[in-house]
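Each chain, written out:
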Amino acid sequence: MGTGIEESLLEQGPDAFLLLTADGTIAFVNSAAERLFGYPREQLLGVGHNILLSEDERGGFLRVFGRLGRGSAAGRRPFAAAGRRRDGSELPLEITCSLVTVDGGPAMAVAVRDGSHREDTDSGRRLAVSLLDATLETTADGIVVVSNDGQITGVNDQYLKMWGMPPELIAAEDPTALVTFISRQLANPDYFLQKVAELHTDRVKQSHDVLEFKDGRSVELYSRPQKVADVIVGRIWNFRDITTRQRAQDQARRAMEELAEQTDKLKELAFQDPLTGLANRMLFNDRAAAALLTPGPVHVLLLDLDDFKEVNDVLGHHAGDQMLVEVSRRLQNCVGPHGTVARLGGDEFVVLLVDCNDSDAVAQRVVAALNAPVSIEGTLMRPGLSLGVASRGPGTMTSSELLRQADLAMYAAKEAGKNCYVHFRPEMLAALLERTQLTAGLRRAVELGQITVHYQPVVSTEQLEVVQFEALARWQWEGQLMPPDQFIQTAERSGLIREIGAEVLRRSCTELQPWLAEDPRRTLAVNVSGVQLQHPDFAERVLDIAAWSGVDPHQLVLEVTESVFFDAQCHVITQLVTLRGAGIRVALDDFGTGYSSLGRLQELPVDVVKIDKSFVSMLRTGTEKLPILTSMIHMARSLGLKVTAEGIETPEQARYLMDHGCDALQGYLFSRPQPESRRELGIRSSLAAIAALEGVPLPV
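The paragraphs below set out a description of the structure included in this document. As the structure is a prediction and not an experimental result, all values here were calculated from the model.

1. So, the environment of Tyr 455
Among the secondary structure elements, Tyr 455 is positioned in strand β18 (residues 451-460). Judged by its relative accessible area of 1%, Tyr 455 is buried. Sequence-wise, Tyr 455 and Ser 671 are 216 residues apart; in three dimensions their C-alpha atoms are separated by 9.4 Å. Reaching out from Tyr 455, the side chain makes a polar contact with the side chain of Glu 511 at a distance of 2.5 Å.

Here is the structure:
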């Protein structure tokens, strides 16, 4: 401040007078200001002017003070405010401001009068204005209010911070300049300018938009008319920074999209077979259950590939996978889009047909398609199959019941010769019940030691006497003596064959040990199942039983079928090599009915070949020419193997085989299998048959 008459006039004037610097600091007060606010001059100079305003007025006064201080015409008009004395009491004020220059810089001259002499006829208006001012300064939104004539009547600090506006731009009182300043920061300024023009034209319209900044921020714009007593006096522009919320929403949306993608992948894994892409068991069950709720026909076709294990064993699992994929493709072509093809696991597939009136046609297509050769790594393979068909009956049925019926029909197809399909029939359930009862009875017989052994003689064509007995398991069940072919399959399926096989070997070694000890050329033959050979301790158990019973291992012959040599995972070869190394001989039973060729005989760890009775039965008169039979005998002998023919029932058959070099003969011609108590009868019967063949008297 200068000196002289101007300062004297201010000092002696009746109105309170303050001089504020650009940052709101009090630079001068007169005596009237000291009296009005109750502060001594020393406590006011150099402090912020907010000390003289009530809490409710500080934000509003600053806003108006800033506007008036920028030299607008409205700035020279008095306005009301609420002041605060030193003792904390409030008082009404009437304030007039003007912009001045002091020491080359801007300052604000503020004249303040006590407004208590004026009667406030609208205390509600004052309270509303006070609340509005407080709201404007405490909200996180940037707000600017523009009157109908283009005057900026309200603006808060958040608005200035949000747009980074310089003070001189606000001082210009030019809404167009504000709009231009904002648009330069936006990614799409044309849209914003168009929206402002639209709202300027239509004063009653409300608007909600999202503005995208060039720097990546997002701001919500709400615009609505400002009304006083239902009269539109201006427009309120509300800007809310939603960048954080938008980013959170974007992150949440991306997370949801990723979750949905992962859910789809998990659903595929949960309902799809990973190798073939077909439906899996879970999806099949869901679709079958849904189909059974409809009134139309429902059919289930269950199939598995016969001898598929040989593909894995011969060509490897990779080739097996290729075959499964090809089978899947063919099945889908047979069924079409209206059926469901699923892989239940391994080489087992199932087809669900809904609203199909001709399941036989589909089954026939499946059998024909899968019987066609498949080229796997340059090798032509023909995938055989067994197919069971089950259809919904008149009663209520679940998907598991329908699948069980198809399973029974599939096994009936296997028994019918494979490469065919069989429809389920109710009597199959009775057969299943019978098998279940058979398994339970067999288990009980094993526990009680009710498995017995019968012995059938084997005659040497050179010595013309009984040189071997084959031990055959027998089971007395429900008053009937059951031969092995009626219960061995059940024993294998249930796993009881291991105990049964061990019991037969133990009992036969014990019962025949005295007979074997009389002549080292005599032998005992015992049948061995492939299931037994799968146990790694099989060879050890056989040798232990032989040692326990006192039987020389050289007098034991184990009979196995050709099929055991195709199981590469059960260590069959190793087991048999171990046994042969201990002196036990191995006989290949039922030769000619399996998969082996004559040339493969030299690769197998066997000592004896037993020609199946199906070849022997072709002999009627003994004059037939049977090149396959004779070739088997001659080839085996050329490889140093002994040959036994089984199933001999007539002298003509016996004479033919003797003439062609068979080493031993076995069959009903000599004796039926006999229990231990009648084994001597079997020997005498055999000797009588030999004598008749040779035309000599029966030895006494």
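2. Structural notes on the environment of His 660
Within the secondary structure, His 660 sits in the loop between α24 (651-659) and β26 (664-666). Between the C-alpha atoms of His 660 and Ser 631, which are 29 residues apart in sequence, the distance is 9.8 Å. For His 660, the contacting residues outside a window of four places in its chain are Thr 630, Ile 633 and His 634.

3. Considerations on the sheet that holds strand β9 (residues 218-228)
Taken in spatial order, the five strands line up as β7-β6-β10-β9-β8 in an open sheet, and their pairing is antiparallel. Single-partner strands in this sheet number two, and they are β7 (152-155) and β8 (207-212). Looking at each pair of strands side by side, their axes are set apart by 20° on average, direction ignored. The pairing of β8 with β9 spans six bridges and is classified as antiparallel. When the bridges of β9 are listed, Glu 212 appears paired with Ser 218.

4. Thoughts on the nonpolar core
Core analysis: the biggest nonpolar cluster contains 76 residues, and Leu 629, Leu 657 and Phe 670 have the highest contact counts within it. Per-element tally for this core: the top contributor is helix α18 (residues 497-518), with eight residues. Sequence-distant contacts of Leu 629, that is, excluding residues within four places in its chain, are made with Ile 611, Phe 615, Leu 619, Tyr 656 and Leu 657. Counting residues in each nonpolar core, the second largest holds 30 residues, with Leu 303, Ala 319, Leu 324 and Val 374 among its members.

5. Structural notes on the pairing of strand β2 (residues 26-29)
Across three bridges, the pairing between strand β1 (residues 16-21) and β2 is antiparallel. Looking at β2, one finds that Leu 19 is bridged to Phe 28. Hairpin connection of β1 to β2: four residues between the antiparallel strands, including Gly 24 at a positive phi of 90°.

6. A few points about the pattern of salt bridges
Evaluated as defined, the whole model comprises 30 salt bridges. The residue Glu 470 makes a salt bridge to Lys 610 at a minimum N-O spacing of 3.2 Å. Here Lys 610 lies in strand β24 (residues 608-611) and Glu 470 lies in strand β19 (residues 465-477), a separation of 140 residues in the sequence. A residue is classified by how much of its surface remains accessible, and Glu 470, at 5% relative accessible area, is buried. Accessibility expressed as a relative area gives 2% for Lys 610, which makes it buried.

The rules behind each value
- Residues numbered from 1 in each chain as written.
- Predicted model: local features only at pLDDT ≥ 70, side-chain atom pairs only at ≥ 80, totals over all residues.
- Heavy atoms only, no water.
- Helix = DSSP H or I, 4+ residues; strand = E, 2+ residues; numbered from the N terminus.
- Buried < 20%, exposed > 50% of the residue type's maximum accessible area, 1.4 Å probe, protein only.
- Polar contact = N/O pair within 3.5 Å; in protein donor to acceptor, adjacent residues only side chain to side chain.
- Contact = heavy atoms within 4.5 Å.
- Pairing = 2+ DSSP bridges.
- Axes fitted to C-alpha atoms, helices over the stretch in contact; angles between N-to-C directions.
- Core = buried A, V, L, I, M, F, W, Y, C linked by side-chain atoms within 4.5 Å.
- Salt bridge = Lys/Arg side-chain N within 4 Å of Asp/Glu carboxyl O.

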